[in-house]
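For reference, the chains in residue letters:
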Amino acid sequence: RPAPEDRRDLRLAAAQPLSRRLRLRTAWLGLALWAGPALADDVAQQWQQVSEAGIAQANEGDLVAAERSMREALALFGSDAASLAPRIPPALIHGGADHLVLALRDRAALSAMHYSLAQGRLLMRREGLVTILLVHVAGDRLFHTRNAFAYGGVYEDPATGAATAAFAGYLRDLHWPHGGAIDIVQGEDMGMPSRLRAEIPAEPGSSIRVSGGARWI
């Protein structure tokens, strides 16, 4: 039976105002510069796509704050930049609320996810993050995810339509070879498997449609 929120059309990151997109790219660039020159080169090209007005709003404090937040989020899960998958840089994404996406190289690292609920709540509420989405790339159109929801006092959410829509929009911004749709396997490692599908139109700013089913307890 589909989760109710998964039947809604949800807006993706590319449809947000410039200030929000600047925030996404600032955080993206900040961690990329820290993570290594190869990733930084790719992200620098994306950064140049932001308008001059948007760039004027950025400052050194924004980059420092973005890097600090990313470091703290990785540390929360006992990870560091070396554990990240380079094809999907960390970013703030938006699908009705703000989410932080961290793509992990290893499936085992995703399975072993653990963190302090109390520390996670403090970090996520301070940064305005409703969830932190951990992702492992199983294929160009298949992803395994876990979604920490300490903001709401819940350790992990088994099916999150809003984060899935935001992630799909982010992949479109990255020009990911999604072929028009992706499948998300979420909740598997917590014994509550769900499978979500995000349909991704080619037009930037167009709606992402999420559907699927979740296990009911």
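How each quantity is defined
- Residues numbered from 1 in each chain as written.
- Predicted model: local features only at pLDDT ≥ 70, side-chain atom pairs only at ≥ 80, totals over all residues.
- Heavy atoms only, no water.
- Helix = DSSP H or I, 4+ residues; strand = E, 2+ residues; numbered from the N terminus.
- Buried < 20%, exposed > 50% of the residue type's maximum accessible area, 1.4 Å probe, protein only.
- Contact = heavy atoms within 4.5 Å.
- Areas by Shrake-Rupley, 256 points an atom, 1.4 Å probe, with all protein chains shown as cover.
- Arc of directions from axis to C-beta.
- Expected span 1.5 Å × (residues − 1).
- Core = buried A, V, L, I, M, F, W, Y, C linked by side-chain atoms within 4.5 Å.

Chemist: Lay out the overall build of the protein with the relevant residues and their values.
Modeler: Check the secondary structure of the protein and you find seven helices and nine strands. In the protein, which comprises 217 residues, the proportion classed as buried is 51%. Sequence separation of 24 or more characterises 66% of the internal contacts of the protein that already satisfy a separation of 6 or more. Total accessible area on the protein is roughly 9,800 Å²; 53% of this is exposed by carbon and sulfur atoms.

Chemist: Describe helix α6 (residues 117–127), with residues and values.
Modeler: Among all positions of α6, only Gly120, Leu123, Met124 and Glu127 are buried. Take α6 and look down its axis: the buried residues cluster within an arc of 90 degrees, on one side only. Backbone geometry just downstream of α6 places Gly128 in the positive-phi region, at approximately 70 degrees.

Chemist: Talk me through helix α7 (residues 161–173); I want residue IDs and the actual numbers.
Modeler: Structural remark: α-helix, 3.6 residues per turn; residues separated by three or four positions point the same way. Between its first and last C-alpha atoms α7 spans 19 Å; for 13 residues at 1.5 Å apiece the expected length is 18 Å, and the two agree. The element α7 is largely enclosed, with a buried count of 13 among its 13 residues. Positive phi shows up at His175, right after α7, with a value of about 60 degrees.

Chemist: Report on the nonpolar core, specifying residues and quantitative values.
Modeler: Counting residues in each nonpolar core, the largest one holds 24 residues, and the members touching the most others are Ile88, Val101, Phe143, Phe167, Leu171 and Ile182. Counting only elements with at least two residues in this core, the list comes to β2 (91–94), β3 (98–104), β4 (131–139), α7, β7 (181–186), β8 (194–199) and β9 (208–214). Per element, the largest residue contribution to this core is six residues, and it comes from α7. Discounting residues that sit within four places of it in the chain, Leu171 has contacts with Ile88, Phe143, Trp176 and Ile182. Residues Leu84, Leu100, Leu110 and Leu123 belong to the second largest nonpolar core, which totals 20 residues.

Chemist: Can you explain the side chain of Gln186? Please cite residues and give values.
Modeler: Tracing the sequence through the fold places Gln186 in strand β7. For Gln186, a relative accessible area of 1% corresponds to the buried category. In this structure Gln186 touches Thr145, Asn147, Asp157, Pro158, Ala159, Thr160, Thr164, Met192, Pro193, Ser194 and Leu196, once residues within four positions along its chain are discounted.

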